[in-house]
Amino acid sequence: MPIATPEVYNEMLDRAKAGKFAYPAINVTSTQTLHAALRGFAEAESDGIIQISTGGAEFLGGQWNKDMVTGSVALAEFAHIVAKKYDITVALHTDHCPKDKLDGYVRPLLAVSEERVARGENPLFQSHMWDGSAETLADNLAIAQELLERARAAKIILEVEITPTGGEEDGVSHEINDSLYTTVDDAIRTVEALGLGEKGRYLLAASFGNVHGVYKPGNVVLRPELLKELNEGVSAKYGKASPFDFVFHGGSGSTEAEIALALDNGVVKMNIDTDTQYAFTRPVADHMFRNYDGVLKVDGEVGSKKTYDPRTWGKLAEASMAARVTEACANLRSTGTKLK
């Protein structure tokens, strides 16, 4: 069962929450980065999450027409085939989708899965993300209600981002300031709109100082203890212990202690993109610099096919990214936790 069924995906998230570990959610942009992620999970004996952002889907759709739905559906179908060769289970997820891209991305993909479920099949993706962090909370949650109803009917889990994460992600940017912290009131309003599971399961990307992109430790102040405050604030009002399944966005540069505290406080999914992008590209750059006169036809020479063959440097890139995914599994305590 390499691609999780809806039931198995729920089991995965439940196990992560109970075991205080999280699944690395790896952004992919090609069949090769998909294989790198699968390989990294397999080497760590960890299940995981593969995700495609709007920018990644546009890239996958080809630069001729940049169709996000075509790109994401094609890679998802590819994943359903090749993942069978890996001895782990993965869920397929779509990453950040802002309001102006819903009609060109998440809503059509929900329709694809609705059709599949109507035929007695499983959904194509196991979860989708609605990023309403650029909207008012009221508008954000109103759209989330509509999407959650459709997702539940299609046996899909919805991820919502209710308050801003700093930095920039696929064209959505927020300043790094005090607004990067979700309040208990924000969390209560979320439950009032989306419920506590009875309206459909959702993952919550709360803000505790997170920043997308590249930053060094100390540039922002992460407060993973805030997640405990959000859980306790909602629990006090509604009587449900640990009500949220949290997602950690913008984790590049986080310390091991910050990650550990976030796991202890309910994070079950952590997005990893910047670090794996660098891991993939670094050996390619090294290969090009070391083999300059082979990858280029310098001064009328013919170069070396063995050095500019994409398979040569592509294998190095895959291995490097897989190693970074394995490292992420260790950091998130998911190593060795795969479903038997």
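Note: the structure precedes this text.
Below: a short report on this structure. Remember, it's a predicted structure, so these values are computed and weren't measured experimentally.

The rules behind each value
Residues numbered from 1 in each chain as written. Predicted model: local features only at pLDDT ≥ 70, side-chain atom pairs only at ≥ 80, totals over all residues. Heavy atoms only, no water. Buried < 20%, exposed > 50% of the residue type's maximum accessible area, 1.4 Å probe, protein only. Helix = DSSP H or I, 4+ residues; strand = E, 2+ residues; numbered from the N terminus. Pairing = 2+ DSSP bridges. Contact = heavy atoms within 4.5 Å. Arc of directions from axis to C-beta. Core = buried A, V, L, I, M, F, W, Y, C linked by side-chain atoms within 4.5 Å. Phe/Tyr/Trp six-rings, centres within 6.5 Å; stacked < 30°, edge-to-face > 60°. Lys NZ or Arg CZ within 6 Å of the ring centre and 35° of its normal. Salt bridge = Lys/Arg side-chain N within 4 Å of Asp/Glu carboxyl O. Expected span 1.5 Å × (residues − 1). Axes fitted to C-alpha atoms, helices over the stretch in contact; angles between N-to-C directions. Parallel < 35°, antiparallel > 145°, perpendicular 65-115°, else oblique. Left-handed = near helix turned anticlockwise from the far one by under 90°. Nonpolar A, V, L, I, M, F, W, Y, C, P; charged D, E, K, R; others polar.

This brings us to the pairing of strand β8 (residues 202–205). Going residue by residue along β8, you find Y202 and L204 tucked away on one face and L203 and A205 tucked away on the opposite face as well. Across four bridges, the pairing between strand β5 (residues 157–161) and β8 is parallel. Bridge assignment links L158 to a residue of β8, and that residue is Y202.

What follows concerns the environment of K85. Checked against the element boundaries, K85 lands in the loop between α4 (68–82) and β3 (90–94). Between the C-alpha atom of K85 and that of S127, which follows or precedes it by 42 residues, the distance is 22 Å.

Checked against the element boundaries, H35 lands in helix α2 (residues 31–44). Separated by 23 residues in the primary sequence, H35 and M12 place their C-alpha atoms 21 Å from one another. Not counting the four nearest positions on each side in its chain, H35 is found in contact with F78, V82, Y86 and E318.

Quick look at the side chain of H128 now. Tracing the backbone through its elements, the reader meets H128 in strand β4 (residues 127–131). Apart from the residues within four sequence positions on either side, H128 is in contact with H93, T94, V106, L109, L110, I156, I157, L158 and E159.

Here we take up helix α9 (residues 256–264). By the burial criterion, the buried members of α9 are I259, A262 and L263. Buried residues of α9, seen end-on, are gathered within an arc of 100 degrees and therefore sit on one face of the element. At the C-terminal side of α9, G266 shows a positive phi close to 110 degrees.

Judged by nonpolar contacts, the single largest core of 79 residues is most densely connected at F41 and V160. For this core, the element with the highest residue contribution is helix α6 (residues 137–153), accounting for seven residues. Apart from residues lying up to four places away in sequence, V160 is in contact with W130, A144, L194, Y202, L203, L204 and A205. Grouped together as the second largest cluster of nonpolar side chains are 17 residues, A16, Y23, A91 and I157 included.

So, on to the packing of aromatic side chains. Tallied over the entire structure, the rule returns three aromatic pairs. Ring centres of F244 and F246 lie 5.5 Å apart, and the angle between their planes is 45 degrees; on these two criteria the pair is classed as tilted. You'll find F244 and F246 in the same group, each marked buried. Between K237 and the ring centre of Y238, over which it is positioned, the NZ or CZ distance is 5.8 Å.

Here we take up the pattern of salt bridges. One pass over the structure, following the stated rule, counts 18 salt bridges. We note a salt bridge from K17 to D245, for which the minimum N-O separation is 3.2 Å. In this pair, K17 is assigned in helix α1 (residues 6–19) and D245 in the loop between α8 (225–238) and β9 (246–248), connecting sequence segments 228 residues apart. Among the residues examined, D245 registers a relative accessible area of 7% and is labelled buried. A salt bridge links R223 to E225; the nearest nitrogen and oxygen atoms lie 3.5 Å apart. Shared partners join several salt bridges into a network, and the residues in it are D14, K17, R201 and D245.

Now for α8. Each α-helix winds once per 3.6 residues, and so residues spaced three or four apart point in a common direction. If you check α8, its first and last C-alpha atoms are 20 Å apart, about what 14 residues at 1.5 Å a residue would give, namely 20 Å. All buried positions along α8 are accounted for by L226, L227, L230, N231, G233 and V234. Seen from one end, α8 has its buried residues packed into an arc of 160 degrees, which puts them on one side. Where the residues of α8 are buried, they touch α7 (184–194), β9, α9 and β10 (267–272).

The geometry of helix α5 (residues 106–118) relative to α6 is characterised by a closest axis approach of 9 Å and an angle of 25 degrees between their N-to-C directions. The angle between α5 and α6 places the two elements in the roughly parallel class. The two elements α5 and α6 cross, and the hand of that crossing is left-handed. Residue-level contacts link V106, R107, L110, A111, E114 and V117 of α5 to I143, E146, L147, R150, A151 and A153 of α6. Residues of the contact of α5 with α6, tallied by class, amount to eight nonpolar, no polar and four charged.

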